[in-house]
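# Structural characterization, general
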Amino acid sequence: MRLAERSVELVTHDEVSVVSSYDEWSPLKEVILGHSSGFRALQLDDSFCLFHWDNLKEFITRNGFFQDDKLQGRWRTIEIEGSILDELAEDLEGLETALVRQGITVRRPAPTPNPHAEIQTPFWKSIQSPPLNVRDQTIILGSTIVETAPQVRARVLENQYLRPLFQEYFTQGARWLSMPQPSLARGSLDDSFFDLSPVERKALSDPITEQLVGLSRELAFDGAQTARLGKDVLVNVANANHALGYDWLVREFGSSFKFHKLNRLSDSHIDSMLLPLRPGLWLVRHRGVLDYLPAPFHTWDYLEAPEVDEDNFPSYSGFNLSISSKFIDMNILSLDADIVVVNSLYPELVHLLERNKFTVIPVQHRHRRLFGGGFHCFTLDVRRTGTLEDYTT
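Residues numbered from 1 in each chain as written. Predicted model: local features only at pLDDT ≥ 70, side-chain atom pairs only at ≥ 80, totals over all residues. Heavy atoms only, no water.

### Points about the overall build of the chain
A count of helices and strands for the chain gives nine helices and 19 strands. On C-alpha atoms alone, the chain measures out to a radius of gyration of 20 Å, which is about the 21 Å that the 2.2 N^0.38 rule sets for 393 residues. Projected onto its principal axes, the C-alpha positions of the chain cover 55 × 45 × 45 Å. Within the chain, the fraction of its 393 residues that count as buried is 60%. Within the structure as shown, the chain displays about 15800 Å² of accessible surface, and the carbon and sulfur contribution to it stands at 48%. (Helix = DSSP H or I, 4+ residues; strand = E, 2+ residues; numbered from the N terminus. Rg over C-alpha atoms; globule rule 2.2 N^0.38 Å. Buried < 20%, exposed > 50% of the residue type's maximum accessible area, 1.4 Å probe, protein only. Areas by Shrake-Rupley, 256 points an atom, 1.4 Å probe, with all protein chains shown as cover.)

In structure tokens form, the structure reads like this:
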């Protein structure tokens, strides 16, 4: 049985887990690692296409979706070959092995029992996706689990497979909250970040979905739009949906944390734009990223991610699809302020970090652009040794 297919069991030993995670770099003790069990396909509905638009536009145009209405009113399903899914599961197991060897407790979500299952609401239907990129749908703010508001219809049930773990943490004293869950009805997502032509906007307005009468923009927000720095939390806000998520965080947690709005740093997630390696040091995609940061963080030093060759990534016969940029490999996981897990297929970054005195644990991850996640995306760190006051502005 694969590691990714093991069922979740409640902790019964004396050393119970306590949720406590305030930053991205203090010593990691316990982490949830996603799995790919049940992955069979990607469904290119309008919510998926809009979320990944920067990386999908070329693919959609190349396949003539705008010319012959293939993108409108149909199920646009991209089947994934079994050999690719096997390699994804192998790479996840490799990451789990590396973490366990470092003494880190690794927990896994429950398996998805019905691969390719359809999910349906009064407004749309989709194919459910498994809990692979678990960073996306949850934020850990100290001792609080915050389930966020999915922006892609296929992902609305992913956290159901983390519920046994969340319930366990709750019984051990963690707080457990959820943002208001969006309907994701037609017209609810704000596309203003993108410079869409009338033809593109029409193609992304899927007539198969229904519109909720009286609904304008609704709260839709992912956990990976944040970076935690102790008391300070950076929040990327690119559209009206995100702005509502930011407002919710401020109202719920503003007395404990200082939230800093980053205005349109990226279309959504920020962990392939910048990551804090430790207090005083960023990993950034390029120097211009620093201009988006609040003034107190301009004094930090930074490492710029090395240029990446397109040949570093696999191509796929029949569908050459990428839903993330070629900088996905800067999506690394810090085990502490000196040890980082990096994709072994990005040797340029491995060498850069080693030259800067980091201990690098290289782990293979082959299909990161197809599945839209790196090691930071795959993991949700629920217990680190850092505290609220370890670093504040």
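### As for the layout of surface pockets
Looking at the largest pocket, its volume works out to about 670 Å³. Contributing to the lining of the largest pocket are 38 residues, with Phe51, His52, Ile323, Ser324 and Gly372 lying nearest its centre. Those elements that provide at least two residues to the lining of the largest pocket are strand 2 (41–43), helix 1 (46–51) and helix 2 (53–62). Among the elements that make up the lining of the largest pocket, the one with the highest residue count is strand 2 (three residues). Grouping the amino acids of the lining of the largest pocket by side-chain chemistry returns 18 nonpolar, 13 polar and seven charged. Considering only enclosed or pocket space, the second largest pocket measures out at about 350 Å³ in volume. Considering each element in turn, the lining of the second largest pocket owes the most residues, five residues, to helix 2. When the residues that make up the lining of the second largest pocket are grouped by side-chain class, the tally is five nonpolar, six polar and five charged. (1 Å grid on protein atoms, 1.4 Å probe; cavity = no way out; pocket = protein on both sides within 12 Å on 5 of 7 lines; lining within 4 Å. Points joined across faces, edges and corners; volume = space filled by probe spheres on them. Nonpolar A, V, L, I, M, F, W, Y, C, P; charged D, E, K, R; others polar.)

### A few points about the environment of glycine 230
With respect to the element layout, glycine 230 can be found in the loop between strand 10 (226–229) and strand 11 (232–237). C-alpha separation for the pair glycine 230 and leucine 388, spaced 158 residues apart in sequence, amounts to 4.8 Å. Not counting residues within four places of it along the chain, the set of residues in contact with glycine 230 comprises Tyr22, Asp23, Phe257, Thr387, Leu388 and Tyr391. (Contact = heavy atoms within 4.5 Å.)

### Some thoughts on the pattern of salt bridges
The full count for this structure, using the stated rule, is 24 salt bridges. One salt bridge connects arginine 108 with glutamate 96, and the closest N-O pair in it is separated by 2.7 Å. In this pair, arginine 108 is assigned in the loop between strand 4 (105–107) and strand 5 (118–120) and glutamate 96 in helix 3 (residues 82–101), connecting sequence segments twelve residues apart. Across the pair, exposure class does not vary: arginine 108 and glutamate 96 are buried alike. (Salt bridge = Lys/Arg side-chain N within 4 Å of Asp/Glu carboxyl O.)

### Concerning empty space enclosed by the protein
Counting across every chain of the model gives seven cavities of 30 Å³ or more. Considering only enclosed or pocket space, the largest cavity measures out at about 130 Å³ in volume. Among the secondary structure elements, those contributing two or more residues to the lining of the largest cavity are helix 1 and helix 6 (240–253). Of the residues forming the lining of the largest cavity, the biggest block, three residues, is contributed by helix 1. When the residues that make up the lining of the largest cavity are grouped by side-chain class, the tally is five nonpolar, six polar and two charged. Every residue along the wall of the second largest cavity is listed here: Glu24, Arg135, Thr138, Ile139, Ile140, Gly223, Ala224, Thr226, Arg228, His376, Leu380 and Asp381.

### Focus on the packing of aromatic side chains
One pass over the full model with this rule turns up eleven aromatic pairs. Centre to centre, the rings of phenylalanine 253 and phenylalanine 257 are 6.5 Å apart; their planes meet at 70°, and the pair counts as edge-to-face. In this structure phenylalanine 253 comes out as buried when scored by relative accessible area, which is 4%. Taking 6.0 Å as the distance between ring centres and 70° as the angle between the ring planes, the aromatic pair formed by tryptophan 282 and phenylalanine 297 counts as edge-to-face. Taken as a pair, tryptophan 282 in strand 14 (residues 281–284) and phenylalanine 297 in the loop between strand 14 and strand 15 (301–304) lie far apart in primary sequence, 15 residues in all. Judged by relative accessible area, phenylalanine 297 falls into the buried class, the value being 0%. The structure contains a cluster of three or more aromatic residues connected by ring pairs, namely Tyr22, Trp248, Phe253, Phe257 and Phe259. When the ring centre of phenylalanine 313 is taken as origin, the NZ or CZ atom of arginine 369, which lies over that ring, is 4.8 Å away. (Phe/Tyr/Trp six-rings, centres within 6.5 Å; stacked < 30°, edge-to-face > 60°. Lys NZ or Arg CZ within 6 Å of the ring centre and 35° of its normal.)

### Brief notes about the sheet that holds strand 12 (residues 258–263)
In space, the three strands of this open sheet follow the order 10-11-12, with mixed pairing throughout. Here the strands that pair on one side only, and so sit at the sheet edges, are strand 10 and strand 12. Averaged over neighbouring strand pairs, the angle between their axes works out to 20° when direction is ignored. As paired elements, strand 11 and strand 12 share six bridges and run parallel to each other. What sits directly across from valine 233, in strand 12, is phenylalanine 259. (Pairing = 2+ DSSP bridges. Axes fitted to C-alpha atoms, helices over the stretch in contact; angles between N-to-C directions.)

### Some remarks on the confidence of the model for the chain
Caution applies to low-pLDDT regions: their predicted coordinates should not be interpreted in detail. A residue-level look at the chain finds 92% of positions with pLDDT of 70 or above and a mean pLDDT of 90. Confidence over residues 1–16 falls short of pLDDT 50; this stretch has 31 contacts with residues more than four positions distant or in other chains. (pLDDT = per-residue confidence, 0-100.)

### Quick notes on the side chain of aspartate 336
Within the fold, aspartate 336 resides in the loop between strand 16 (333–334) and strand 17 (339–343). Arginine 278 is the oppositely charged side chain nearest to the buried, salt-bridge-free aspartate 336, at an N-O distance of 7.4 Å. Looking at aspartate 336, its side chain comes within polar contact range of the main-chain nitrogen of aspartate 338, at 2.7 Å. With residues near it in sequence (within four places) discarded, aspartate 336 still touches Trp25, Ser26 and Pro27. (Lys, Arg positive; Asp, Glu negative; His and termini not counted. Polar contact = N/O pair within 3.5 Å; in protein donor to acceptor, adjacent residues only side chain to side chain.)

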